[in-house]
Amino acid sequence: MPDPAIQNQVAFPRPHDAIAPEDAALVAKSISRALKRAANRSRAPSSVIAGGGYAVRRGERAFQKGLLASFFACVVAPIIVASVYWGLIASKQYLTDAKFALHGSENSFAALGVSGGDEKQMQDSQVITKYILGRSIVLTLDKDIDLRGKFSRPGVDYFSRFDAEDPIENLEKYWKKRVDASVDLMSGIISVQVRAFTPEDSLAITQKIIELSEKLVNELSTRSRRDALEQARSELDRAEEKLKVATAHMRDARNAEGVIDASAAAEAINKIIVKLRLDLANAQESLALQSSAFATESPQVRLLNARVESLKKQIADYSAQIASTENSSSLAGHAGVLSERQTELALAQQQYALSSSAYESARIDLERQRTYLIPFLRPTLAEKSVYPRRWLEWAIIVAPAVFGWVLLVGVAFLVRDHMVK
């Protein structure tokens, strides 16, 4: 159909009418201007919602409805849900913070200039951190302070509370969401944060964690000390058995030799021999004086000679009792057997004394507490809930929803424009 603008400027002649040259030029100019305006309108930017061109494209209304529905589904609905939940429904959570470090009662390796003490302390700190986040402490806390009941209190919202009927595996996962434990690798300081739905529960759980952690670190050292005590007890039992055997051998040897102490007996006999030799010297001196004054056959001389011979015989007999190659029952022979038994007995007594001392030291060491947890930031009762962080949690839901919707709309327009071409 001819452009109305052209009709306003010139009347088209009927086919059987002749066109004057000046009218033909005017018609051509009008048609050219109309075509330029149509081309400009076709190249003009199209509306984001309504499309472009002279007519509304097919399916444009359905496309607009889809955009509107996606906006409500992806943006409006998440905003409403997040606002209602985090603003009105989400339960308050109270945080209790504690920091503590390990301290040994005895002189540490670090005090002696040995790095092994620091490594042992760091190892124990990491063990405690793993223990706090593990199942073992969850079982103990559930048994001692009813952990399930504290996390499933009435009034706690459905999405935050724990179902008391769930198994221990679920409780362990829930526990890791409510507790944070870490250790500073530079200082060895252990930090613990506990969240619960009442300040009293949060404080009670944190205090119990410190108590159980201190018990654990002492059990770690107690196990090795208990092993040392058992080993010392075994050594003491063996030393005691050896001492009994050595004492029995010594008793049997004394009974067999007929001598209790060969050294003491020899010493006593030596004293007798010394006295006899003194008497012999006196008798020989008297004999010499009498021999010069009287005849050798005089009664005094004969008596002195008999005394001298008797003393010599006694000295020889006593000497033979101490040591003699001909007398196998001499004290020297007895002393050899008794000396072996005495050496065996002395070694057994010494080993028993050392084992007894080691056992006593191990027993005292086991009974003494070796490691302490020193809290320098003690857990206190919370006065204000710090969780949930409502605006942050709200933004975590809303921001991805808006971004996702914008991305979805961009993809939809790209697809639509591609299909139109």
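Source: prediction; values computed, not measured. (Residues numbered from 1 in each chain as written. Predicted model: local features only at pLDDT ≥ 70, side-chain atom pairs only at ≥ 80, totals over all residues. Heavy atoms only, no water.)

(A) Here's a closer look at the layout of surface pockets. Each pocket or cavity is described by its volume, and for the second largest pocket that value is around 320 Å³. Lining the second largest pocket are 20 residues; nearest its centre among them are F159, S160, Y174, K177 and R178. Counting only elements with at least two residues in the lining of the second largest pocket, the list comes to α3 (60-89) and α7 (168-178). The element best represented in the lining of the second largest pocket is α7, accounting for five residues. (1 Å grid on protein atoms, 1.4 Å probe; cavity = no way out; pocket = protein on both sides within 12 Å on 5 of 7 lines; lining within 4 Å. Points joined across faces, edges and corners; volume = space filled by probe spheres on them. Helix = DSSP H or I, 4+ residues; strand = E, 2+ residues; numbered from the N terminus.)

(B) View of a nonpolar patch on the surface. Together, I80, V84, L88 and I89 make up a nonpolar patch on the protein surface, roughly 390 Å² of accessible area in all. By the element assignment, V84 lies in helix α3. Using a relative accessible area of 36% as the deciding quantity, one classes V84 as partly exposed. (Patch = residues over 30% accessible without salt bridge, like charges linked within 9 Å, V, L, I, M, F, W, Y side chains within 5 Å. Areas by Shrake-Rupley, 256 points an atom, 1.4 Å probe, with all protein chains shown as cover. Salt bridge = Lys/Arg side-chain N within 4 Å of Asp/Glu carboxyl O. Buried < 20%, exposed > 50% of the residue type's maximum accessible area, 1.4 Å probe, protein only.)

(C) Up close: α3. A rise of 1.5 Å per residue sets the reference length of α3, with its 30 residues, at 44 Å; its end C-alpha atoms lie 41 Å apart and thus fit the reference within 8%. Its maximal kink placed at F72, α3 deviates by approximately 35°. Among the residues of α3, E60, F63, L67, S70, V75, V76, P78, A82, Y85 and W86 are the ones counted as buried. (Expected span 1.5 Å × (residues − 1). Bend = angle between axes of the 7 residues up to and from the residue.)

(D) Structural context of the side chain of T129. Its location among the elements puts T129 in helix α4 (residues 116-132). Residue T129 is classed as buried on the basis of its relative accessible area, which comes to 9%. With sequence-adjacent residues up to four places away left out, T129 is seen in contact with A181, S182, V183 and I190. (Contact = heavy atoms within 4.5 Å.)

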